[in-house]
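Spelled out from the first residue to the last, the chains are:
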Amino acid sequence: MNHRRSTDVGQEMYGWLKDLFPIARSITGPGVRESLAYLRRLIPDLVVHDVSSGTQVFDWTVPDEWTIRDAYIADEAGNRVVDFRKNNLHVVGYSEPVNAWMDLEDLEENLYSLPDQPDAIPYVTSYYARNWGFCLTHNQRKALSSGRYHVIIDSDLKPGILNYGELIIPGETREEVFLSTYICHPSMANNELSGPVVTAALARWLQEISSRRYTYRIIFIPETIGSIAYLSYNLAHLQKNVVAGFNITCVGDDRCFSFLPSRMGNTISDDVARHVLHHMDKSFRSYTWLDRGSDERQYCAPGVDLPIATIMRSKYGEYPEYHTSLDNLELVTPKGLEGGYTALRHSIETLEQNAIPRTKVLCEPQLGKRGLYPSISQKGSADHVKAMMDLISYADGSCSLLEIAIRINKPFWELIPLVNELVKNNVLETSFVAGEEL
Amino acid sequence: MNHRRSTDVGQEMYGWLKDLFPIARSITGPGVRESLAYLRRLIPDLVVHDVSSGTQVFDWTVPDEWTIRDAYIADEAGNRVVDFRKNNLHVVGYSEPVNAWMDLEDLEENLYSLPDQPDAIPYVTSYYARNWGFCLTHNQRKALSSGRYHVIIDSDLKPGILNYGELIIPGETREEVFLSTYICHPSMANNELSGPVVTAALARWLQEISSRRYTYRIIFIPETIGSIAYLSYNLAHLQKNVVAGFNITCVGDDRCFSFLPSRMGNTISDDVARHVLHHMDKSFRSYTWLDRGSDERQYCAPGVDLPIATIMRSKYGEYPEYHTSLDNLELVTPKGLEGGYTALRHSIETLEQNAIPRTKVLCEPQLGKRGLYPSISQKGSADHVKAMMDLISYADGSCSLLEIAIRINKPFWELIPLVNELVKNNVLETSFVAGEEL
Amino acid sequence: MNHRRSTDVGQEMYGWLKDLFPIARSITGPGVRESLAYLRRLIPDLVVHDVSSGTQVFDWTVPDEWTIRDAYIADEAGNRVVDFRKNNLHVVGYSEPVNAWMDLEDLEENLYSLPDQPDAIPYVTSYYARNWGFCLTHNQRKALSSGRYHVIIDSDLKPGILNYGELIIPGETREEVFLSTYICHPSMANNELSGPVVTAALARWLQEISSRRYTYRIIFIPETIGSIAYLSYNLAHLQKNVVAGFNITCVGDDRCFSFLPSRMGNTISDDVARHVLHHMDKSFRSYTWLDRGSDERQYCAPGVDLPIATIMRSKYGEYPEYHTSLDNLELVTPKGLEGGYTALRHSIETLEQNAIPRTKVLCEPQLGKRGLYPSISQKGSADHVKAMMDLISYADGSCSLLEIAIRINKPFWELIPLVNELVKNNVLETSFVAGEEL
């Protein structure tokens, strides 16, 4: 597989993220379409689908489409004291149109701020109950003097469509690796723009490589309603074909790595993710299913049960800037994005190459006659072939390379060159469980 | 189920215990019958059975019946220096009749005292080898001057009967929950009178409630020989019908909670007991099968293997007053008894309601449209529905409510109202594994 | 089984070890034959086999036979500054003949010493690539002045034979316990002479005892090539018959005990070894398969998979004197050898007596009527029958005595007299899984 310089990838993704950052996304509306259009320029094969408002998708109904053009609170002098044009978090997502004068006292119940984070604008939405409101920093709020204010929300809430993007990259078999990320949050960087840009970079890499064992199904959806809609149309196909996958979110800051398992925590995706993170960051944070909060809630729901795990940097809900205006272009860095990308790419490479090796000789092979072993046996001299011998010693045909890598506590990606050398020297053979050819 | 005020229950049980305390019980004889008669006044459906002396019950033979009327050691002046009428622990259980004058020197070998607990009268018995003796405090013993003493034990040891009480409370199915407690110890409070009084209170509660899924088989027996005799008559029935049960002993002091598992520790009774105790007392003491010492020795013996676990306050053999006159009405308290009662009642309620829930919707249900979810999504606002969502997320039809309660670390009894609400809202359905109807 | 005084066994083994110590062993040649001849005087039934040089054994070829007669480095004055006659470690194993004058500078690349252990002569070999060299202490090396040296290695390297010894001690069944030790190292004591002398003592003990459930297959082989050759001739037989076994090495010092498992760590040999070591030395060192380094590499290789575990004192590779001249007659002691012997003998006795006990009575047996229980029940009086009752309580026919010993945390060898007493008293019966009779 071909490797572009990782610093390039980090910078490239950061550039896309900066471009996408200002767009006023929500679960429906022009912001999503504008974002998908940008992504299509990066991945021209991306297909944009739409679902009509009112469509029943399992237990849910696709809501009306929301268009937001402007929103502000102006004082009696006409000064915009809270202004959507300065930060699109200022308006509660899915706010209905408002044009009214009111006293501060009455306005208060539609204001949202965080006393503990007085410089942060919170992110608030009300998708399924008609409502309106403004989010502002607590310092802004405290500075409001009593008096009358002009409240304007220039929005539409009416039947329309919900959009999502889908990309299929065919591989040698019909078995699929499923990657899902979301595109419904306004100007926040780690949650969520890191997800779409890392996913876009992975898609570009997957399209470049010469061969893929698996078919890749990659979707860019609004969170929750999007994944539910997607599942409602594709569940049978996904349950038949998907062998592994990841929900890609919060992969952009550079504080730590985090892991959130599938519902039962026992899929190949879980094993791969734990292995990769263990070797990238010995102290990565391991959460449980009880800490879930993103689209794994749908993908791993009872009766859906797709093998989807989640690799993150700082997990949603766990870092102070989460769902506020402080989740910005400083929190996310090229290096942070590159770490998220690398962890997912290692995971995909592990899935692709996770063959079952089997030794072709009984007893230990004589590595010396193959030039793979030092001819002089002196105290300590055999250390550098230990990984090779350990690998062979578990190559009994009962376990995969990943299982062996876990047992001998070596990164999967360091074993691949050893396997290749041993196969070339007729010591090992490898096989995949057969997948149906495409 | 109906709830009487727990302080009432504690006081009520403590009152019964005080009434039963003075009776000179042993494994046979008038003391057992008097105690069973008292219990029949509390639970009129209690049936008293008898087994003749000499009856072979598995490896054991029911011993002769023992009647004790009086016992004392008098000095030459006729003063009773050790007197059964002051404390029925003073005579060794199953002492044969004695009427003799003897020197202190000769008397010594039939005296039992505890040098480390000089104010405690030990509890000593000799059921299966003819013997006699007196138990006294070490201080009493040290005060005995040399000289001659008149030793009187006015007892009978002759063929008669062994008694036990049995109560069947029918439920909707033939499947049985088995509760066993013992009534063979003279004046000691935690071990054993706490057992019969808590069991009597549970029986009265079970008779009051409107419906019972299970049939309840409740026995009051002399320890060891009684449980062996009961098993010898009922083993096939018990093995066919008993699905869970508890040996009820040492449930009256208020120092701690204790758990002793079944032989393999893997029955539903074990799971329920561990769960209930974990949520009533995070630091409850968990013993192993190697620490056993009561009738679980018979109920869980190889080839018997009933699913019986033991929930206790301070475990027999582990508290300093055990098997002495210090295990008295001060050691046991209304609050202590109420704790024992509550732990067992929670356990029984858990068994009764341990259905298998299954979600009726694919993906997450939309709780909002059912009024079960806050309509505004703000940082932290979803916390109070977390238990409900966690419950649903495991309701895949593969695991019971108890298993879910353990996974999500919530008390079973806090999940029941959530389940009821979700069933009412058509989100969940529940089912029991079918039991044969009565 | 008969017990000779353990101090005698320790001294006897130490005496044999001293006799064998000076012999210049290698994987082939006169040193091996001389050592096997000595062992045949201890165990006359030992059969010595030979395999011709050039024979293909799995992935390996039996090498030429090596004879070493003399080897030295002399200075220009004819003084032997490095002399094989002083210590046979001075010559690199399998050195080809040399007779040459050379400058110190040129000689250097054929010298081996250990800067960190300046008084130790390292042990170096080159079996499968033609080479020659001298090993010396680092202090010796530093003392060499520049100038010309006469280098003499008087050796042969030519087609011959590889020898090994094999002893079969028949038992009541065809099922075999396999013991393997190696005889290819020159003058070193813990690794390896402790192995052959402890194995010889075990063989003599096994031949003396009156009955053996298992047949014992005991081999003395050169390490690696010897075990591979032996497996290549006997694999089918071994896989059919061997039920347990041990690789016997490093059993002579008295610092600690060590355990190295089979490849999967789940054979009866592993269970027995862990149990015996736990009760001989609570802090024994437990290694993993990744720490392997002796013939278990062949016996447990994928596709071979014999149930072979390793019990050691200080493990090869882990003690500072390993593979140097400091692994000498001071490192190994009679007491150390006796400890290794005892651990292996306990292991073999455990295998021999590991029956499945089953209680013959339902509920607890009445030990009292059999004189196995104190007739007076007083606080604490029942403690001494606890092990007996625990054993009975697990004798449900589903688990072996070893499994019970592990559960109740008592040494297997302390349970045997209890089992015998309970069988005599008709409380227990025991059975072995049938093995094919010899």
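Small disclaimer: the values here were computed from a predicted structure and weren't measured. (Residues numbered from 1 in each chain as written. Chains lettered and ligands numbered in written order. Predicted model: local features only at pLDDT ≥ 70, side-chain atom pairs only at ≥ 80, totals over all residues.)

Caption draft 1: Quick look at the overall build of chain A. Scanning chain A for helices and strands turns up twelve helices and 18 strands. Principal-axis analysis of the C-alpha atoms places the extent of chain A at approximately 90 × 45 × 35 Å. Within chain A, the fraction of its 438 residues that count as buried is 50%. Across chain A, every contact between residues at least 6 apart in sequence was considered, and the portion connecting residues at least 24 apart equals 80%. (Helix = DSSP H or I, 4+ residues; strand = E, 2+ residues; numbered from the N terminus. Buried ≥ 20, exposed ≤ 12 C-beta atoms within 10 Å, placed from the backbone. Contact = placed C-beta atoms within 7 Å.)

Caption draft 2: How the structure looks around the nonpolar core. Residue and element names in this part refer to chain A. Judged by nonpolar contacts, the single largest core of 124 residues is most densely connected at Met13, Leu17, Cys135, Val177, Val197, Val198 and Leu344. If one sorts the elements of this core by residue count, helix 5 (residues 189-208) sits on top with nine residues. If we skip the residues at most four places from it in the chain, Cys135 touches Leu89, His90, Val92, Tyr112, Ile121, Pro122, Tyr123 and Val124. (Core = buried A, V, L, I, M, F, W, Y, C linked by C-beta atoms within 7 Å.)

Caption draft 3: Quick peek at the packing of helix 10 (residues 386-394) of chain C against helix 11 (residues 401-408) of chain C. All names here are of chain C. It is the contact of helix 10 with helix 11, at a shortest axis distance of 10 Å, that shows an interaxial angle of 125°. As the angle between them shows, helix 10 and helix 11 are arranged oblique. Classified by chirality, the crossing of helix 11 by helix 10 is right-handed. Contact residues: helix 10 offers Ala387, Asp390, Leu391 and Tyr394, while helix 11 offers Ile404, Arg407 and Ile408. (Axes fitted to C-alpha atoms, helices over the stretch in contact; angles between N-to-C directions. Parallel < 35°, antiparallel > 145°, perpendicular 65-115°, else oblique. Left-handed = near helix turned anticlockwise from the far one by under 90°.)

Caption draft 4: Layout of the confidence of the model for chain A. A residue-level look at chain A finds 95% of positions with pLDDT of 70 or above and a mean pLDDT of 95. Across the assembled chains, the prediction reports ipTM 0.91 with pTM 0.93. (pLDDT = per-residue confidence, 0-100.)

Caption draft 5: How the structure looks around the interface of chain A and chain C. Between chain A and chain C, the contact holds 19 residues from the first and 22 residues from the second. Class assignment of the residues belonging to the side of chain A that touches chain C gives a composition of seven nonpolar, seven polar and five charged. (Nonpolar A, V, L, I, M, F, W, Y, C, P; charged D, E, K, R; others polar.)

Caption draft 6: Expanded view of the pairing of strand 17 (residues 356-359) of chain C. All names here are of chain C. Judged by which residues are buried, strand 17 turns out to be one-sided: Pro357 and Thr359 face inward and are buried, whereas Ile356 and Arg358, on the alternate face, are not. Relative to strand 18 (residues 428-431), strand 17 runs antiparallel, the two being bridged by four bridges. Pairing of Thr359 across the sheet is with Leu428, part of strand 18. (Pairing = 2+ DSSP bridges.)

Caption draft 7: Just the environment of Gln140 of chain A, in detail. Tracing the chain through its elements places Gln140 of chain A in helix 4 (residues 138-143). Here the alpha-carbon distance between Gln140 of chain A and Val81 of chain A, two residues 59 residues apart in the chain, equals 8.2 Å.

Caption draft 8: Just the domain arrangement of chain A, in detail. Residue and element names in this part refer to chain A. For chain A, the domain assignment lists domain 1 (6-63 + 161-350), domain 2 (65-158) and domain 3 (356-431). Of note, the centres of domain 1 and domain 2, computed from C-alpha atoms alone, are 30 Å apart. Taken residue by residue, the interface counts 17 residues in domain 1 and 17 residues in domain 2. Here the residues of the side of domain 1 that touches domain 2 are counted per class, giving nine nonpolar, eight polar and no charged. (Domains from an automatic or database assignment.)

Caption draft 9: Broad picture of the sheet that holds strand 9 (residues 148-158) of chain C. Residue and element names in this part refer to chain C. Taking strand neighbours across the sheet as the criterion, the four strands line up as 5-4-9-6 in an open arrangement whose pairing is antiparallel. Where the open sheet ends on each side, the last strands, each with one partner, are strand 5 (80-83) and strand 6 (98-103). Pairs of neighbouring strands in the sheet enclose a mean axial angle of 20°, with direction left out of account. As judged from the six bridges shared by strand 6 and strand 9, these two strands associate in the antiparallel manner. Directly across from Trp101, in strand 9, lies its bridge partner His150.

Caption draft 10: Quick peek at the relation of the copies chain A and chain C. The transform that puts chain A on chain C rotates by 120° and translates by 0.0 Å along the axis, for an RMSD of 0.1 Å. The transformation just described matches what one would write down for a three-fold rotation axis. Across chain A, the smallest distance between a C-alpha and the rotation axis is recorded for Asn266 of chain A, namely 13 Å. (Least-squares fit on C-alpha atoms with pLDDT ≥ 70 in both.)

Caption draft 11: Summary view of the sheet that holds strand 13 (residues 242-247) of chain B. Residues and elements named next belong to chain B. An order of 1-10-12-11-13-16-14-15 is seen for the eight strands of this open sheet, with the pairing classed as mixed. In the strand order of this sheet, the two ends are held by strand 1 (47-52) and strand 15 (285-286), each with one partner. The pairing of strand 14 (residues 258-260) with strand 16 (residues 308-312) spans three bridges and is antiparallel. Its bridge partner being in strand 16, Phe259 is matched across the sheet by Ile311.

Caption draft 12: Helix 12 (residues 412-424) of chain B, seen in detail. Residues and elements named next belong to chain B. With 13 residues, helix 12 should cover 18 Å at 1.5 Å per step; its first-to-last C-alpha distance of 19 Å lies within 8% of that length. Taken residue by residue, helix 12 has Phe412, Leu415, Leu418, Val419 and Leu422 as its buried positions. Taken around the axis of helix 12, the buried residues stretch over an arc of 115°, which confines them to a single face. Pointing more than 90 degrees away from the buried face of helix 12 are the exposed residues Glu414, Pro417 and Lys424. Next to the buried residues of helix 12 lie helix 7 (268-280), helix 9 (334-353), strand 17 (356-359), helix 10 (386-394), helix 11 (401-408) and strand 18 (428-431). Positive backbone phi, at 65°, marks Asn426, one or two positions downstream of helix 12. (Expected span 1.5 Å × (residues − 1). Arc of directions from axis to C-beta.)

Caption draft 13: Here's a closer look at the packing of helix 5 of chain A against helix 9 (residues 334-353) of chain A. All names here are of chain A. Running from amino to carboxyl end, helix 5 crosses helix 9 at an angle of 50°, the nearest separation of the two axes being 10 Å. By the angle between their directions, the pair helix 5 and helix 9 is classed as oblique. The element helix 5 and its partner helix 9 pack so that their crossing is right-handed. Residues Ser194, Val197, Val198, Ala201, Leu202 and Trp205 of helix 5 lie in contact with helix 9, whose contacting residues are Leu337, Gly340, Tyr341, Leu344 and Arg345. Partitioning the contact of helix 5 with helix 9 into residue classes produces eight nonpolar, two polar and one charged.

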